[in-house]
Amino acid sequence: MVPRAVSRALPTPLILLVLLAARSASAAEWEGALKGTARLLVDTNAPRDFSDGSTPSPGADPALSILGSAEGRVTFERTQLVGRYELGARKYLGFSYEDTLIQSGALEASLALGTEFGLGVEGRAKDRRGGTRAYSDLGASLFLEYAPDVRMALRVRGGARRFVYRPDPTANFGGAELGATGRYRFNRRHSLSLFGEWSARRYGPQARPRPGAAGSVLGRREDGALTAGVGYNYKGPVSLGLAYAYQEVSSNSFGETVLRHRVTGTAGVRLPWKLTLMAQGSLGITRYPDGIYLSPEIILVEEDEGQNSLSLKLARPMSEHVDLELSWGLWSTQLPRNDLTYSRQMFGVGFTWRD
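Keep in mind it's a predicted model, so treat the numbers as computed, not measured. For every chain, the first residue of the written sequence is number 1, and numbering continues from 1 along that sequence. Per-residue local features are limited, in this predicted model, to residues with pLDDT of at least 70; the limit for side-chain atom pairs, both in listing and counting, is 80 or more; totals at the level of whole chains, interfaces and linings are taken over all residues. No hydrogens and no water enter the side-chain calculation; it runs on all heavy atoms of the structure.

### Structural notes on the overall build of the chain
When helices and strands are counted, the chain shows two helices and 16 strands. Counting every position in the chain, which comprises 355 residues, the buried fraction comes to 35%. Excluding contacts between residues fewer than 6 apart, the proportion of contacts in the chain whose partners are at least 24 apart in sequence is 58%. Under the convention used here, a 1.4 Å probe and the Shrake-Rupley method define accessible areas, while residue burial counts only the protein chains that appear. Split by element, the accessible area of the chain, about 19400 Å² in all, is 63% carbon and sulfur. The helix count covers DSSP runs of H or I at least four residues long, the strand count covers runs of E at least two residues long, and both are numbered beginning at the N terminus. Burial status follows relative accessibility: with a 1.4 Å probe on protein chains alone, a residue under 20% of its type maximum counts as buried, one over 50% as exposed, and anything between as partly exposed. Every residue pair with non-hydrogen atoms within 4.5 Å of one another is taken to be in contact.

### Examining the environment of G174
Along the chain, G174 falls in strand 8 (residues 173-185). Along the sequence, G174 and A160 sit 14 residues apart, while their C-alpha atoms lie 7.4 Å from each other.

### Thoughts on unusual backbone geometry
With a phi close to 60 degrees, W273 is a non-glycine residue in the positive phi region. What makes W273 exposed here is its relative accessible area of 69%. Phi angles above zero are rare outside glycine, and K274 is one such case at about 65 degrees. Looking at K274, the relative accessible area reads 58%, which means it is exposed.

### Topic: the side chain of E98
Among the structural elements, E98 can be located in the loop between strand 3 (79-92) and strand 4 (100-113). In protein, a polar contact means a hydrogen-donor-capable atom and an acceptor-capable atom, both N or O and within 3.5 Å, with residues adjacent in sequence counting only if both atoms are side-chain atoms; elsewhere, any N or O pair within 3.5 Å suffices. Polar contacts involving the side chain of E98 include one to the side chain of R133, which spans 3.1 Å.

### Overview of the nonpolar core
Here, the term nonpolar core denotes a set of buried Ala, Val, Leu, Ile, Met, Phe, Trp, Tyr and Cys residues that are joined through side-chain atoms within 4.5 Å. L41, A46, A63, Y92, F95, W331, Y342 and M346 form the largest nonpolar core, which has eight residues in total. Residues Y135, F163, Y165 and Y203 belong to the second largest nonpolar core, which totals six residues.

### Regarding the environment of A106
Positionally, A106 belongs in strand 4. For the pair A106 and K126, spaced 20 residues apart in the sequence, the C-alpha separation amounts to 8.8 Å.

### A word on the pattern of salt bridges
Definition used for salt bridges: Asp or Glu carboxyl oxygen within 4 Å of a side-chain nitrogen of Lys or Arg. In this structure the tally under the stated criterion is 25 salt bridges. For E222, the salt bridge goes to R202, with nearest N and O atoms at 2.2 Å. One end of the pair, E222, is in strand 10 (residues 220-235); the other, R202, is in strand 9 (residues 190-206), with 20 residues separating them in the sequence. Taking relative accessible area as the criterion, E222 reaches 40% and is therefore assigned partly exposed. On the accessibility criterion, R202 (38% relative accessible area) is partly exposed. Connected through shared salt-bridge partners, E108, E122, R124, D137, E145, R155, R157, R161, E177 and E197 make up one network.

### Considerations on the pairing of strand 12 (residues 258-271)
Along a regular strand, successive side chains alternate from one face of the sheet to the other. Relative to strand 12, strand 11 (residues 238-251) runs antiparallel, the two being bridged by twelve bridges. Counterpart to S239 in the pairing with strand 12 is G268. The pairing criterion is simple: DSSP has to find at least two bridges between the two strands. Hairpin connection from strand 11 to strand 12: six residues lie between these consecutive antiparallel strands, with G255 at a positive phi of about 90 degrees. Examined bridge by bridge, strand 12 and strand 13 (residues 275-287) share 13 bridges and lie antiparallel to one another.

### Let's talk about a nonpolar patch on the surface
Patch rule: a residue counts if its relative accessible area is over 30% and it has no salt bridge; like charges are joined within 9 Å, and nonpolar side chains (Val, Leu, Ile, Met, Phe, Trp, Tyr) within 5 Å. Nonpolar side chains collect at one region of the surface, where M152, L154, V156, Y184, F186, L192, L194, V230, Y232, L242, Y244 and V263 lie side by side and expose about 980 Å² of accessible area between them. Those elements giving two or more residues to the nonpolar patch turn out to be strand 7 (152-165), strand 9, strand 10 and strand 11. Considering each element in turn, the nonpolar patch owes the most residues, three residues, to strand 7. Examined against the element boundaries, L154 turns out to sit in strand 7.

No statement about biological role is implied by the geometric values presented.
In structure tokens:
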């Protein structure tokens, strides 16, 4: 089995079956990890405003950021339970309405079917409070996994998702999801991964008709969301990763169709004096076939990251369990046709503790 992180709400009968199977096992292997990070930040665009270039910058604002995570795994003879929980908080000095509290959890239960196949259930939950982008994102699915050896792993899943956007209920949706992920390791340094997902999203409000099509009845808004991509990873003296993702959201509501291309790269290298440098960057191209319509969905999809981003982190161990970290990040987005731009930098210094 190839373990994956995962959720909070699982079908009770399946949990009982897994626990009963686990109870009858003769031995169990336990793994777990705790980590906590605290940073002092300076945010150059705390309210995350878009600008047309004629308005002054909102100015920088200091903030305190705290992030904690816990993960664990217990493996029996034929069953496995995997869980992860994260809690993050950010407190601004001047823009207190942008203070945020984010929680995410995942839980997975799987059962080995012979030596190559596995069957399981997974669930996930993420909740963001505060600021102007408060939402809850819930999902659960069943999966079938195929792992004939350590080099190859394939997972196919199907389930449901519910998204609740608190500032504007018209952006709430629910629906079915299908997905697949695969990984192949050529050797201990080179690996290739593929992923794809399709979901049918159904909203509460009526679909918005195209201008000039007065009187047409479209029914409730319905979207089809497709995501597909490929990634490559190298682990050696330098750790490298490169991934490409394509996303298409096709909607029967005017102005809600979006096409995206995104390339992401990561790198990590050891430096003298026990320093480690980590970098991540992304470039995105977004197209709106109907033109820009500033609905909550557009802001939600961009969220914190923007279309383009670059971040650097320099870390040095201060003891066996504590690292000192310096970080910098840049995020930017430009909306076509209306000249609105979004830019934000973040400077930080902090400590990370791990058990």
